[in-house]
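Below are the chains, spelled out letter by letter.
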Amino acid sequence: AYYKTAVVYIRQEQKDKAIELLNKSQEIFDKISQYNSKVPKSARNKLELPNELMLYVYKSKLLAENIDDDTYYRKLDKLIFASDFTVDTDNDSVPDLWYIYNSQKGLMETSIRNKAVEITNNGEEPSYLITKKDIILEPTTEYRVNLLIGCENTTNVPVINIFSRKGQIVQHQIKQMDLNTEITNITSTFVTTKDIEDGKQWIRIDIPKETKDTIFIESMEIWLEQIKPLGGSD
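Quick summary incoming for the structure in this document. (Residues numbered from 1 in each chain as written. Predicted model: local features only at pLDDT ≥ 70, side-chain atom pairs only at ≥ 80, totals over all residues. Heavy atoms only, no water.)

**Structural notes on the overall build of the chain**
Threshold: Strands are runs of DSSP state E lasting at least two residues, helices are runs of H or I lasting at least four, and both sets are numbered from the N terminus onward. This radius of gyration counts C-alpha atoms alone. The globule rule is 2.2 Å times how many residues there are, raised to the power 0.38. Think of it in three bands: residues with accessible area under 20% of the maximum for their type are buried, residues over 50% are exposed, and the middle band is partly exposed, with areas taken using a 1.4 Å probe on protein chains only. Only heavy atoms enter the contact rule, under which two residues are in contact if any of them lie within 4.5 Å. The Shrake-Rupley method, run with a 1.4 Å probe sphere, supplies the accessible areas, and residue values consider only the shown protein chains as cover. Charged residues are defined narrowly, with Lys and Arg counted positive, Asp and Glu counted negative, and His plus the chain ends left uncounted. Positions of charges follow a simple convention, taking NZ of Lys, CZ of Arg, CG of Asp or CD of Glu.
Regarding its fold elements, the chain presents 5 helices and 11 strands. Radius of gyration (C-alpha) of the chain: 19 Å, near the 17 Å computed for a compact globule of 234 residues. Taking the principal axes of its C-alpha atoms as reference, the chain extends roughly 55 × 55 × 35 Å. Split into buried and exposed, the 234 residues of the chain put 45% on the buried side. When contacts within the chain are restricted to residue pairs at least 6 apart in sequence, long-range pairs at least 24 apart make up 73% of them. With an accessible surface of roughly 12,700 Å², the chain has 44% of that area assigned to carbon and sulfur atoms. For the chain, the distance from the average position of its 30 positive side-chain charges to the average position of its 37 negative side-chain charges is 4 Å.

**Let's talk about the nonpolar core**
Heads up, the rule is: Here, nonpolar core refers to any group of buried Ala, Val, Leu, Ile, Met, Phe, Trp, Tyr and Cys residues whose side-chain atoms link them within 4.5 Å.
Counting residues in hydrophobic clusters, the biggest one holds 38 residues, and the most contacted among them are M177, I203, I205, I217, M220 and I222. Of all the elements in the fold, those that place two or more residues in this core are α3 (28-38), α4 (51-65), β4 (117-121), β6 (141-151), β7 (159-164), β9 (184-191), β10 (201-207) and β11 (211-227). Once residues within four sequence positions are removed from consideration, I222 is found in contact with K78, L79, I80, F81, I135, L137, Y143, R144, V145, I162 and I203. Among the nonpolar cores identified, the runner-up in size contains 18 residues, and I10, A18, L76 and L79 belong to it.

**Some words on the packing of helix α1 (residues 2-11) against helix α2 (residues 15-25)**
For any two helices packed against each other, the geometry is given by the interaxial angle and the distance between the axes. Let me state the cut-off plainly: Note on geometry: axes are C-alpha line fits, over the in-contact stretch for helices, and angles between N-to-C directions span 0 to 180 degrees. Throughout, the term roughly parallel applies to angles under 35 degrees, roughly antiparallel to angles over 145, roughly perpendicular to angles from 65 to 115, and oblique to all others. A clockwise turn of the near helix away from the far one marks a right-handed crossing, whereas an anticlockwise turn of less than a right angle marks a left-handed crossing. Residues are grouped as follows: nonpolar covers Ala, Val, Leu, Ile, Met, Phe, Trp, Tyr, Cys and Pro; charged covers Asp, Glu, Lys and Arg; every other residue, Gly included, is treated as polar.
Running from amino to carboxyl end, α1 crosses α2 at an angle of 165°, the nearest separation of the two axes being 8 Å. With respect to α2, the axis of α1 lies roughly antiparallel. Judged by the twist between their axes, the crossing of α1 over α2 is left-handed. Note on element contacts: α2 touches α1 through K15, K17, A18, L21, L22, K24 and S25, opposite Y2, Y3, T5, A6, Y9 and I10. Of the residues that constitute the contact of α1 with α2, the class distribution is 8 nonpolar, 2 polar and 3 charged.

**Quick notes on α3**
For the record, the criterion: Arc definition: it is the arc formed by the directions from the helix axis to the C-beta atoms.
For α3, the set of buried residues is F29, I32, S33 and N36. Across the axial projection of α3, the buried residues extend over an arc of 100°, all falling on one side. Turned more than 90 degrees from where α3 packs its buried face, K31 and K38 sit exposed. Elements in contact with the buried residues of α3: α4.

**As for the environment of G106**
You can see G106 is positioned in the loop between β2 (98-102) and β3 (108-112). Taking relative accessible area as the criterion, G106 reaches 12% and is therefore assigned buried. Spatially, the C-alpha atoms of G106 and K209 are 6.9 Å apart, while their sequence positions differ by 103 residues. Setting aside residues up to four positions removed in sequence, G106 forms contacts with N121, G123, E125, P126 and S127.

**A short note on the layout of surface pockets**
Once rolled over the atoms, a probe with the size of a water molecule shows which space is left empty. The following threshold applies: Think of a 1 Å grid over the protein atoms and nothing else: a 1.4 Å probe that fits but is trapped marks a cavity, an open set flanked by protein within 12 Å on at least five of seven lines marks a pocket, and residues with an atom within 4 Å of a point count as lining. Grid points are joined across faces, edges and corners, and a volume is the space filled by probe spheres set on the points.
By volume, the largest pocket amounts to about 320 Å³. If you go around the largest pocket, you meet 14 residues; those closest to its centre are L55, I80, F81, I135 and I136. A total of 4 residues in the lining of the largest pocket trace back to one element, the largest contributor, which is α4. A breakdown of the residues in the lining of the largest pocket according to their chemical character gives 9 nonpolar, 2 polar and 3 charged. Of the pockets and cavities examined, the second largest pocket occupies roughly 150 Å³. Per element, the largest residue contribution to the lining of the second largest pocket is 4 residues, and it comes from α4. The residue makeup of the lining of the second largest pocket, split by class, is 3 nonpolar, 3 polar and 6 charged.

Quick look at the structure:
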């Protein structure tokens, strides 16, 4: 509601009111975190951040940063998934929207910092960060992945996988990344196959074994590029 109302104010050339609402949206995560911090440890569930709320708060941040661009909100219509890896409203040291899956001898550890999550895997087998909820991709559609990432040891580069539960399993994979100790913007495009069902996709980040040197991830975005003709992809 904050985001959509802010867009109305921008159309009406009332940017001050838009900024006020966009700033309010940034407080939502803190409120959820404060609530979860008061939940008894014996409680089964805490408030869990859904993909859509993360997306709109993330859009609000980008819109505020680009408030002088009167048409930027139109560009944000194409942002369909976003994950800020510094957000941890359930206070478990794992970025919201994700959970850790260790193989039998995997040993992943995550630590949230101001600018990124720090990831290591001291185990003898790979470990994985996996989206808790499925994301929504459509068939025969081109998407762009933006990933802000860095690592201390370039021999242990993670692998980004986008899978589908229906149709072709592997929709996209990013294996070759030119990384360094500074956080770098990695961009990659892909086209979904025509046999998938929208809303049945998920993301997995593979962390190699014995990754004792830290991997840093700041954010991940998926943008809609264009819809392909039905015969344009296998």
